[in-house]
Amino acid sequence: MKIFLITILPVLVSSKIIFPDQEVRPTRQDQDCPTDQCCKTTIDGCLVEFCPGQDPKVFGVQNYTAPIIIQQRKASPTFKHVPVQFENSDVFTLQTLTMNVWGLKVWAEEKGKRIPEIVSFLKKSNQDIVFIQEAWYHADFQVLKDTFPYSTFYGTPGSILCPSISNDQSFYLQVLPFDCHGLMILSKHKILSTEYVFFKDRIPKAREFFGRRGAIAATMEVTKAVDGVTKTLKVSAINTHLATWYSSSEGTWTSIREKQADEVLALIAVQKAKSDLVVVAGDLNATPDSAVLNKFIDAGLVDTLVDLEGVGADDSKYVTYGHADNTWTGPGGMGEHPDRIDYMMYTHGNIISVGTAAYGTVDAKA
């Protein structure tokens, strides 16, 4: 069976951009905590106190109350059963989208305006699977979740400060998204199972430890009618967000991202053993020639943009950070160097063949 992927990475929206890549690379002047003593610092506009634990990679948060979980008063929107989709050709197509929604209240600009616009965009979209990074707060997760029939759950399994909750529950009060991972997967097709990996290796900065870094995998069966015949494909979707630069140079913390990439690759191997197709997307904070991306390529992952465009993948129109038309991170915005650091990749078993049919960025200015 021939599978075609249609990949979209959002870049442009509104009079300012709705879908900027999150990473405000820390050229900004915010002070960070040392890792060997308690200190007070500002996290997304709130003054908090961090204290290191016996493990130098673990920080405690002082005087912060865990959120209270409540049952939602209003049921989430009910979606009609998604019927078998009929293809207009003799190939099985899968439309995918990845976006970093930049979901912090203070560190990210104008979230209150951007999230509703993103929700409106998603409701009109025709994607099979959507990969979202930085949906930190449950209130934002909730409205994003309600744009698709199926979604992964909010929260970090085993966490006290950001407990995992079902989609019919909510937090009574969430001051900050401590220990949350910000990852979610939306799907038009029923999610059968989920699996999480949280990175062991982290950049030793207190601000890096306010949330989790990791990857989430969702397995689903996608059924479509191809050339008059109903066919079902078992798909594993993996969403990840690797550590930011914390420097003007990509190389400063690349060793940490390489170790994180190894953990994602281990998750990919597990998912590949039980799926026909594995689609991997997210914010890798790594450029196309980096050792981080090379790990994925050397492991057999296919970069959908290179798959379609070849050497044309180097065209500046495909950058996902510092795009010339992005008023958040391009000229007139934060003025950062343009880079492609967000990716959509795939790997598959031997019983199918896969190719990229289309690839693009979204210009959705209001």
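Residues numbered from 1 in each chain as written. Predicted model: local features only at pLDDT ≥ 70, side-chain atom pairs only at ≥ 80, totals over all residues. Heavy atoms only, no water.

A.B. asks: Tell me about the overall build of the protein chain, and name the residues and values.
C.D. replies: Counting its secondary structure elements, the protein chain contains 5 helices and 18 strands. Classification of the 366 residues of the protein chain by burial places 54% in the buried group. Partitioning the contacts of the protein chain with sequence separation of at least 6, the portion at a separation of at least 24 is 75%. Accessible surface computed for the protein chain: about 15500 Å², of which carbon and sulfur atoms make up 51%. (Helix = DSSP H or I, 4+ residues; strand = E, 2+ residues; numbered from the N terminus. Buried < 20%, exposed > 50% of the residue type's maximum accessible area, 1.4 Å probe, protein only. Contact = heavy atoms within 4.5 Å. Areas by Shrake-Rupley, 256 points an atom, 1.4 Å probe, with all protein chains shown as cover.)

A.B. asks: So, the state of the cysteines: which residues are in play, and what are the values?
C.D. replies: A complete count under the given rule lists 1 disulfide for this structure. A disulfide bridge connects Cys162 with Cys180, and the sulfur atoms are separated by 2.0 Å. Taking the sign of the torsion about the S-S bond as the criterion, the disulfide between Cys162 and Cys180, at about 105°, is right-handed. Separated by 18 residues along the polypeptide, Cys162 in the loop between β9 (150-151) and β10 (169-171) and Cys180 in the loop between β10 and β11 (184-187) bring together distant segments of the chain. For the pair Cys162 and Cys180, one class covers both residues: buried. (Disulfide = S-S within 2.5 Å.)

A.B. asks: Give a description of helix α4 (residues 291-298) that names residues and reports values.
C.D. replies: Those residues of α4 not exposed but buried are Val292, Leu293 and Phe296. For α4, the buried positions fall inside an angular range of 95° around the axis, keeping them on one side. Here the buried face of α4 lies against α3 (254-272), β16 (302-303) and β17 (342-348). (Arc of directions from axis to C-beta.)

A.B. asks: Which residues make up the pattern of salt bridges, and what are the values?
C.D. replies: On inspection of all chains with the given rule, the structure shows 8 salt bridges. With a closest N to O distance of 2.6 Å, Asp179 and Arg212 form a salt bridge. Note that Asp179 is positioned in the loop between β10 and β11 and Arg212 in the loop between β12 (191-198) and β13 (214-226), a separation of 33 residues in sequence. In this structure Asp179 comes out as buried when scored by relative accessible area, which is 17%. When the shortest N-O distance is used, the salt bridge between Asp201 and Lys259 registers 4.0 Å. With Asp201 in the loop between β12 and β13 and Lys259 in helix α3, the pair connects residues that are 58 residues apart, well separated along the chain. Residue classification places Lys259 among the partly exposed residues on the basis of a relative accessible area of 42%. (Salt bridge = Lys/Arg side-chain N within 4 Å of Asp/Glu carboxyl O.)

A.B. asks: I'd like to hear about the packing of aromatic side chains, residue by residue, with values.
C.D. replies: This model, assessed by the stated rule, comprises 5 aromatic pairs. Summarising the aromatic geometry, the rings of Tyr196 and Phe198 are spaced 5.9 Å apart at their centres and angled 20° between planes, so their arrangement reads as stacked. With a relative accessible area of 22%, Phe198 lands in the partly exposed category. Between Tyr318 and Tyr359, the ring centres sit 5.7 Å apart and the planes meet at 80°, which makes this aromatic pair edge-to-face. On the criterion of sequence distance, the pair formed by Tyr318 in the loop between α5 (304-309) and β17 and Tyr359 in strand β18 (residues 353-364) is long-range, its members being 41 residues apart. The residues Tyr318 and Tyr359 share a single accessibility class, namely buried. Positioned above the aromatic ring of Tyr137, the side-chain terminus of Lys105 is 4.5 Å from the ring centre. Lying across the ring of Phe198, Arg212 places its NZ or CZ 5.1 Å from the centre. (Phe/Tyr/Trp six-rings, centres within 6.5 Å; stacked < 30°, edge-to-face > 60°. Lys NZ or Arg CZ within 6 Å of the ring centre and 35° of its normal.)

A.B. asks: Can you lay out helix α1 (residues 111-124) for me, pointing to particular residues and giving the numbers?
C.D. replies: Under the 1.5 Å per step criterion, the end-to-end length of α1 is 20 Å for 14 residues, consistent within 8% with the ideal 20 Å. On its buried face, α1 sits against β7 (92-100), β8 (129-133), α2 (138-145) and β11. (Expected span 1.5 Å × (residues − 1).)

A.B. asks: I'd love a proper account of the nonpolar core, names of residues and values included.
C.D. replies: Among the nonpolar cores identified, the biggest contains 34 residues, and Leu122, Ile132, Leu144 and Phe178 are the most heavily contacted of them. Looking at this core, the elements that each hand over two or more residues are β3 (46-52), β7, α1, β8, α2 and β11. The element contributing the most residues to this core is α1, with 4 residues. Among all residues touching Ile132, those that are not within four sequence positions of it are Met99, Val101, Leu122, Leu144, Gly182, Leu183, Met184, Leu186 and Asn239. (Core = buried A, V, L, I, M, F, W, Y, C linked by side-chain atoms within 4.5 Å.)

A.B. asks: Give me the lowdown on the confidence of the model for the protein chain, citing residues and values where you can.
C.D. replies: Considering every residue of the protein chain, the mean pLDDT works out to 83; 79% of them sit at 70 or more. Note on residues 10-30: pLDDT is under 50 here. Beyond four places in sequence and across chains, it has 86 contacts. (pLDDT = per-residue confidence, 0-100.)

A.B. asks: Break down a nonpolar patch on the surface for me, citing the residues and quoting the values.
C.D. replies: On the surface, Ile68, Ile70, Tyr172, Leu173 and Val175 cluster together into a nonpolar patch covering about 500 Å² of accessible area. Take Val175: it is sitting in the loop between β10 and β11. In this structure Val175 comes out as partly exposed when scored by relative accessible area, which is 41%. (Patch = residues over 30% accessible without salt bridge, like charges linked within 9 Å, V, L, I, M, F, W, Y side chains within 5 Å.)

A.B. asks: Hey, could you go over the environment of Phe92 for me, with residue numbers and the actual values?
C.D. replies: Residue placement: Phe92 occurs in strand β7. Given a relative accessible area of 0%, Phe92 falls into the buried group. Separated by 135 residues in the primary sequence, Phe92 and Asp227 have C-alpha atoms spaced 9.2 Å apart.

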